[in-house]
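# Examining the three-dimensional arrangement
Residues per chain are reported as follows:
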Amino acid sequence: MSDFLNQWGGSIWQGFVETMQMTVISLIISILIGIPLGVFLVLTRKSGQAENLPVYTFLNAFINVIRSIPFIILLFFILPFTKLVAGTTIGVQGVIVPLVVACAPYIARLMESAMLEVDRGIIEAYQSMGISTPKIIWNVIIREARSSIILGLTIATIGLIGETAMAGFVGAGGLGDLAYQFGYVRFQPDVMYAVIIILIVIVQILQSAGNVVARRLKKN
Amino acid sequence: MIKLEHVSKTFKVGKNNIEALKDVSVEINKGEIFGVIGYSGAGKSTLIRCVNLLERPTAGKVFVDDVDILSLDKKGLQKLRRKIGMIFQGYNLLATANVYENVAIPLKLEGVPKNEIKARTEKYLEIVGLSDRSQAFPSQLSGGQKQRVAIARALAHEPEVLLSDEATSALDPNTTDSILELLLKVNKELGITIFLITHELNVIQRICDRVAVMEKGQIVETGSVVDIFARPKEAMTKQFVRGESRFSIPPKLLKDLLASGKLVNLTFLGESAKDPALATLAKRFDVLPSIIAGGIDQLKDQSIGNLLVHLKGEPEQIEAAVRFLKDERIIVEEVNG
């Protein structure tokens, strides 16, 4: 055990840090894009507060297209775009762009469905009190949907961790890459097992934390 | 206070046009409680939602305090809506906010100063009798309590009008009564005009001053509640007013009664209820009255008595007796099979 730790502890820790970096950075950027995009979908859809069917149809189709492409393909497919935005296509910096491109539309979808669950009656009640749409979005729709929003973000985060495993292909490292390079290519299954256990623990902690926070926010 | 002139509303559902309102005109006076009654699908809900433009009429005009509200811009409409409180069948409270916040948050969003928010929230929670539950969440409250929170939320904007969209329809009879009491109190003590829609006759009977009966997108009859109860004209009105209290007589019995005399429905209102009219009738004419059925409806300010009476005797004597009853200001209606 101590031999294993001496030999692999450093690499595993480094992989863990890289995975966390990739996940946290792309999650934050994805949230910043995905939540407004989700709000936009809710507003522009049919009988939304700012109904605009051409915009909605376009966004809807665009999100579907991106969500149809498997991440491993997307990673290479958008290389020129990545180069344009990040200035590089390799390393952690190079993988953030494809991760965001994959994750933000997913978050937008999850946000959309969370916000659509909010009772129209409550929104109407606030409209009847003469409260403006932007205030209703923040104080009524997002507030009432916050429990579902947290659960959605938990799902998105876990998905994101899975996608970071493919970051190795552009040299960004991470736990997934470690498991692949050493565990599979160099046939050292103990490294693979160690990584799998760490990933299981991370996912369990995330999901439990998400559930607890969502329950607290729900208040009923 | 509120005036709807020739209001129509057509909804497009697929390729079909559904006329929810057809040329409806109605006026609600300041300080009164005005009710609209009708079955579901009659267009009541659409009508009340035209008052604060949650629904925009396709034709016609809506005036609130003599302002043509269809001409208002977005800001103007928001300002107007703050003068008009609204409560709903489904309460529409924030599930994530406690009772206090449910009243206070809309005030905050309107930009009411902080100390005033606190003062108003406490004041109106006191009025609806929920001061001790201010930290509870809606999921911990009963239906009646939730509606009280919704009423406090509406009142906290200190509106001139309160719109009630089937506010008691989801409540049990006892809770309905207590909410109606509260609405009466709001009307009397705060002087707030109330415009309500309902399918429950009981609501009209208990608290309304005037009522309109709606059927298929149109108002078929309007009048004071007393008039509508005492002298319903339209079939739909009769169906509502008498649906519950109408005395049903077995057909065979009815036939026997009609063969041996006349059957009349007598409605007693106010003063006319105090004189012993039937006893006098029996003494003065050669007619034998027998009471087949009877009942009393309690309205907001007075009660209305109803008697189904069989008059036995010679036709000319019965005619005279009926004239006598009419002179006594009793509303007499002949019942024929």
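Residues numbered from 1 in each chain as written. Chains lettered and ligands numbered in written order. Predicted model: local features only at pLDDT ≥ 70, side-chain atom pairs only at ≥ 80, totals over all residues. Heavy atoms only, no water.

### What to know about the sheet that holds strand S12 (residues 287-298) of chain B
Residues and elements named next belong to chain B. Convention followed: Only strands joined by at least two bridges in the DSSP assignment are considered to pair. Counting from the N terminus, the helices are the DSSP runs of H or I reaching at least four residues and the strands are the DSSP runs of E reaching at least two. Fitted lines through C-alpha atoms serve as axes, helices being fitted only where they are in contact, and the angles separating the N-to-C directions of these axes extend from 0 to 180 degrees.
Spatially, four strands are ordered S12-S13-S11-S14 in an open sheet, and the strand pairing comes out antiparallel. For this open sheet the edge positions go to S12 and strand S14 (331-334), each flanked by a neighbour on one side alone. Averaged over all adjacent pairs, the angle separating strand axes in this sheet is 20°, with direction ignored. For strand S11 (residues 262-269) and S14, the ladder comprises four bridges, and the chain directions are antiparallel. Of the residues in S14, the one forming a bridge with Thr267 is Ile331.

### A short note on the UniProt feature "domain: ABC transmembrane type-1" (unreviewed entry) in chain A
Note the cut-off: UniProt positions are given in the numbering used here, feature names are shortened, and annotations may be inferred rather than shown by experiment.
Here the UniProt-annotated "domain: ABC transmembrane type-1" (unreviewed entry) positions come out as residues 16-210 of chain A. The annotated region residues 16-210 of chain A carries 82% helix and 0% strand content, and the separation between its end C-alpha atoms amounts to 20 Å.

### A look at the domain arrangement of chain B
Residue and element names in this part refer to chain B. Worth spelling out the cut-off: Domain extents, as shown, originate in an automatic or database domain assignment. Should any heavy atoms of two residues lie within 4.5 Å, those residues are considered in contact. Accessible area, probed at 1.4 Å, shrinks when two parts are joined; the buried area is that loss added up over both. Definition used for salt bridges: Asp or Glu carboxyl oxygen within 4 Å of a side-chain nitrogen of Lys or Arg. We call two N or O atoms a polar contact when they sit within 3.5 Å, provided that within protein one can donate a hydrogen and the other can accept it, with sequence-adjacent residues counted only if both atoms are side-chain atoms.
Split into domains, chain B comes out as domain 1 (2-242) and domain 2 (246-335). In this structure, domain 1 and domain 2 have C-alpha centres spaced 39 Å apart. Listed per partner, the contact involves 14 residues of domain 1 and 13 residues of domain 2. Of all residues in domain 1, Gln205, Val226 and Arg242 bury the most surface against domain 2, accounting for 50% of the area lost on that side. In this structure, the connection of domain 1 to domain 2 is made through one salt bridge. There are four residue pairs in polar contact (both at pLDDT 80 or more) connecting domain 1 and domain 2.

### Remarks on the pattern of salt bridges
All names here are of chain B. This is how it is decided: Buried means the residue's accessible area, taken with a 1.4 Å probe over protein chains only, is under 20% of the maximum for its type, while exposed means over 50%, and partly exposed covers the values in between.
Considering all chains together, one arrives at 18 salt bridges over all chains under this definition. Between Lys83 and Asp65 there is a salt bridge whose closest N-O contact spans 3.4 Å. Within this pair, whereas Lys83 is found in the loop between helix H2 (74-81) and strand S6 (84-88), its partner Asp65 is found in the loop between strand S4 (59-64) and strand S5 (67-68), the two being separated by 18 residues in sequence. Among the ionic pairs, Glu319 bridges to Lys262, the shortest N-O distance being 2.9 Å. Of the two residues, Glu319 sits in helix H12 (residues 315-327) while Lys262 sits in strand S11, which places them 57 residues apart along the sequence. Here Glu319 falls in the partly exposed class, since its relative accessible area comes to 38%. Lys262 gets classed as buried once you look at its relative accessible area, which sits at 16%.

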